Amino acid sequence: MKVLVAVKRVVDANVKVAAKSDRTGVDIANVKMSMNPFDEIAVEEAVRLKEAGLATEIVAVSCGAAQCQETLRTALAIGADRAILVESDEELQPLAVAKLLKALVDKEQPQLVILGKQAIDDDSNQTGQMLAALAKLPQATFASKVTVADGRAHVTREVDGGLETVSLSLPAVITTDLRLNEPRYVTLPNIMKAKKKPLETVKPADLGVDVSPRLKTLKVVEPAKRGAGVKVPDVATLVEKLKNEAKVL
Ligand code: AMP
């Protein structure tokens, strides 16, 4: 079983980002970039399927600038076998990424495609769903447990108030939730080994995909700063303030 895993290069989860002064976006100049955390979980899950003898090959894919090669090398160090960079300097919105992944699904014919449930930079939570629709594949989003047997995937999903388990015929698209697994640390020997693994670069035009943006960002602003708090002398004053100032009672 071949598994395709999508990995996005995003601002590191520990970086506190700031909006650009002209409000056109988030300032990512000289900021640490990493693999999207949900995509690390996706690669880890693919590697576990391979270790369990269920997957035979793991192909990691990233779409974006040349620097996404670093993200792909991380995926290779976690355990992916080869990588494909779809190189583009344009802003790639979820629909464009879904179309690129669909073209690669047609070419590579994986039995399973694993993506993160959302990218922590755009928080779109769209790409997996769009890919499933474009490729006409069954999908299970927000997976917290995945088992594969007899040509089907059983996926447990975290839903409001409990867990739902769905059964999908393969090939299928799965998106990962936080509790699916805990990704392993990448070891130095594996980083060295990853340097020798194959990494192919293609352009969107090679895949016949038009990646022009369909959405326009009007403005990006930071949340309003919270005002300073006040101390109240007693409960009566608190209740009075909640009623007449905050108007929440
Ligand atoms: P989003 O729909 O943007 O929240 O992203 C959901 C998931 O789609 C991510 O966790 C990735 O697995 C995948 N994805 C989104 N953008 C890219 C990209 N540029 N390259 C590779 N994978 C991506």
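Residues numbered from 1 in each chain as written. Predicted model: local features only at pLDDT ≥ 70, side-chain atom pairs only at ≥ 80, totals over all residues. Heavy atoms only, no water.

Under an unreviewed UniProt entry, the name given to the chain is Electron transfer flavoprotein subunit beta, and the source organism is Pandoraea terrae. Turning to the chain, the UniProt record has this under Cofactor (unreviewed entry): "AMP". Looking at the Subunit (unreviewed entry) heading of the UniProt record, one finds this comment for the chain: "Heterodimer of an alpha and a beta subunit." (UniProt positions renumbered as here; feature names shortened; annotations may be inferred.)

(A) Geometry of the site of the ligand. Near the ligand lie 18 residues; those nearest to it are Asp39, Cys63, Ala119, Asn125 and Thr127. At 2.5 Å from an oxygen atom of the ligand is found a side-chain nitrogen or oxygen belonging to Asp39. Within the backbone of Ala119, a nitrogen or oxygen atom sits 2.8 Å from an oxygen atom of the ligand. Compared with its free state, where it exposes 480 Å², the ligand has 99% of that area covered by protein. Broken down by secondary-structure element, the contributors of at least two residues to the shell around the ligand are β4 (57-64) and β6 (112-116). Residue contributions to the shell around the ligand peak at 3 residues, all from β4. Residues that form the shell around the ligand fall into these classes: 7 nonpolar, 8 polar and 3 charged. (Near = heavy atom within 4 Å. Polar contact = N/O pair within 3.5 Å; in protein donor to acceptor, adjacent residues only side chain to side chain. Areas by Shrake-Rupley, 256 points an atom, 1.4 Å probe, with all protein chains shown as cover. Helix = DSSP H or I, 4+ residues; strand = E, 2+ residues; numbered from the N terminus. Nonpolar A, V, L, I, M, F, W, Y, C, P; charged D, E, K, R; others polar.)

(B) Up close: the nonpolar core. Counting residues in hydrophobic clusters, the biggest one holds 38 residues, and the most contacted among them are Met1, Val3, Val5, Val43, Leu112, Val155 and Ile174. In terms of residue count, the dominant contributor to this core is helix α1 (residues 37-51) (7 residues). Discounting chain neighbours no more than four positions away, the residues touching Ile174 are Leu112, Val113, Ile114, Leu115, Ala140, Ala143, Val146, Ala153, Val155 and Leu168. One finds Val86, Leu100, Leu115 and Leu137 within the second-largest nonpolar core, a separate group that totals 27 residues. (Core = buried A, V, L, I, M, F, W, Y, C linked by side-chain atoms within 4.5 Å. Buried < 20%, exposed > 50% of the residue type's maximum accessible area, 1.4 Å probe, protein only. Contact = heavy atoms within 4.5 Å.)

(C) Structural detail: the packing of aromatic side chains. What the rule picks out here adds up to 0 aromatic pairs. The side chain of Lys117 reaches across the aromatic face of Phe142, ending 5.2 Å from its centre. (Phe/Tyr/Trp six-rings, centres within 6.5 Å; stacked < 30°, edge-to-face > 60°. Lys NZ or Arg CZ within 6 Å of the ring centre and 35° of its normal.)

(D) Region of interest: a negative patch on the surface. Residues Asp89, Glu90, Glu91 and Asp210 make up a contiguous surface patch of negative charge. Position of Asp210 among the secondary structure elements: in the loop between β11 (199-202) and α6 (235-244). (Patch = residues over 30% accessible without salt bridge, like charges linked within 9 Å, V, L, I, M, F, W, Y side chains within 5 Å. Salt bridge = Lys/Arg side-chain N within 4 Å of Asp/Glu carboxyl O. Lys, Arg positive; Asp, Glu negative; His and termini not counted. Charge placed at Lys NZ, Arg CZ, Asp CG, Glu CD.)

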